[in-house]
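Topology and contacts: notes
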Amino acid sequence: MYEEKQPVYHIETLIRQYGNDVLRTAFMYVKDSHLAEDIFQDVFIKVNKNLSTFQGNSSIKTWIIRITINTCKDYLKSAWNQKVVPMTEYEENTIHTDDDYTAVEQQDQNQLIRETVMKLPDKYKDIIVCVYYHDMTISDAANILKIAEGTAKSRLSRAKEKLKTCLEGRL
């Protein structure tokens, strides 16, 4: 009987392959690019530190995104976050052409959708982020969220209904 060997992962390769996914996920949760970059670093420090404990029960991407979501949730629950209001930089939008107007309008719609998703209860927000922002299958999303596939399907359905209700008339 042959024992299956775990693939060897190198942190540089993982950062190159999944770094954008981690950064996007972090930004979705914290809505600040600098904080998202800090979380990105924290996630890959945790990944590097715990890589030897990865058992292969899910894909490496699923494992890394789960670490990212947990790190974001920990940050959002922290006392520091609740007491400190991040400074944001404002840029003046100048619209020169119809294409610029369309791009700004699309950007505004995307921002509204993102904000609405982030206001959903965690169980709905998490499934939306996994399926629509990371293009995961329902099965992968269920695995990462540690829920049954049927539960993932019903949460996704309820999340879409909630989004539809919240966004009606606004888009």
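1. A few points about helix α2 (residues 33-50)
Its 18 residues place the ends of α2 25 Å apart at the C-alpha level, agreeing with the 26 Å of an ideal helix rising 1.5 Å per residue. Residues of α2 that are buried include every one of Leu35, Ala36, Ile39, Phe40, Val43, Phe44 and Val47, and no others. Where the residues of α2 are buried, they touch α1 (11-30) and α3 (60-77). The N-capping residue of α2, defined by a side-chain oxygen 3.0 Å from the backbone nitrogen of His34, is Asp32.

2. Some words on helix α7 (residues 138-145)
Buried residues of α7: Ala141, Ala142, Ile144 and Leu145, and no others. Viewed end-on, α7 has its buried residues packed into an arc of 165 degrees, placing them on one side of the element. Within two residues after α7, Lys146 carries a phi angle of roughly 60 degrees, on the positive side.

3. Here's the deal with the nonpolar core
Of all hydrophobic cores here, the largest spans 44 residues; its most connected members are Val47, Ile64 and Ile127. Those elements giving two or more residues to this core turn out to be α1, α2, α3, α5 (98-119), α6 (122-133), α7 and α8 (149-167).

4. A few points about the layout of surface pockets
In this structure, the second largest pocket occupies an estimated 230 Å³ of space. Along the walls of the second largest pocket sit 14 residues, with Phe54, Asn57, Ser58, Trp63 and Lys146 positioned nearest its centre. Of all elements in the fold, only α3 and α7 reach the threshold of two or more residues within the lining of the second largest pocket. When residues in the lining of the second largest pocket are grouped by element, the largest group, 5 residues, is from α3. Split into classes, the residues belonging to the lining of the second largest pocket amount to 4 nonpolar, 8 polar and 2 charged.

Rules and cut-offs
- Residues numbered from 1 in each chain as written.
- Predicted model: local features only at pLDDT ≥ 70, side-chain atom pairs only at ≥ 80, totals over all residues.
- Heavy atoms only, no water.
- Helix = DSSP H or I, 4+ residues; strand = E, 2+ residues; numbered from the N terminus.
- Expected span 1.5 Å × (residues − 1).
- Buried < 20%, exposed > 50% of the residue type's maximum accessible area, 1.4 Å probe, protein only.
- Contact = heavy atoms within 4.5 Å.
- Polar contact = N/O pair within 3.5 Å; in protein donor to acceptor, adjacent residues only side chain to side chain.
- Arc of directions from axis to C-beta.
- Core = buried A, V, L, I, M, F, W, Y, C linked by side-chain atoms within 4.5 Å.
- 1 Å grid on protein atoms, 1.4 Å probe; cavity = no way out; pocket = protein on both sides within 12 Å on 5 of 7 lines; lining within 4 Å.
- Points joined across faces, edges and corners; volume = space filled by probe spheres on them.
- Nonpolar A, V, L, I, M, F, W, Y, C, P; charged D, E, K, R; others polar.

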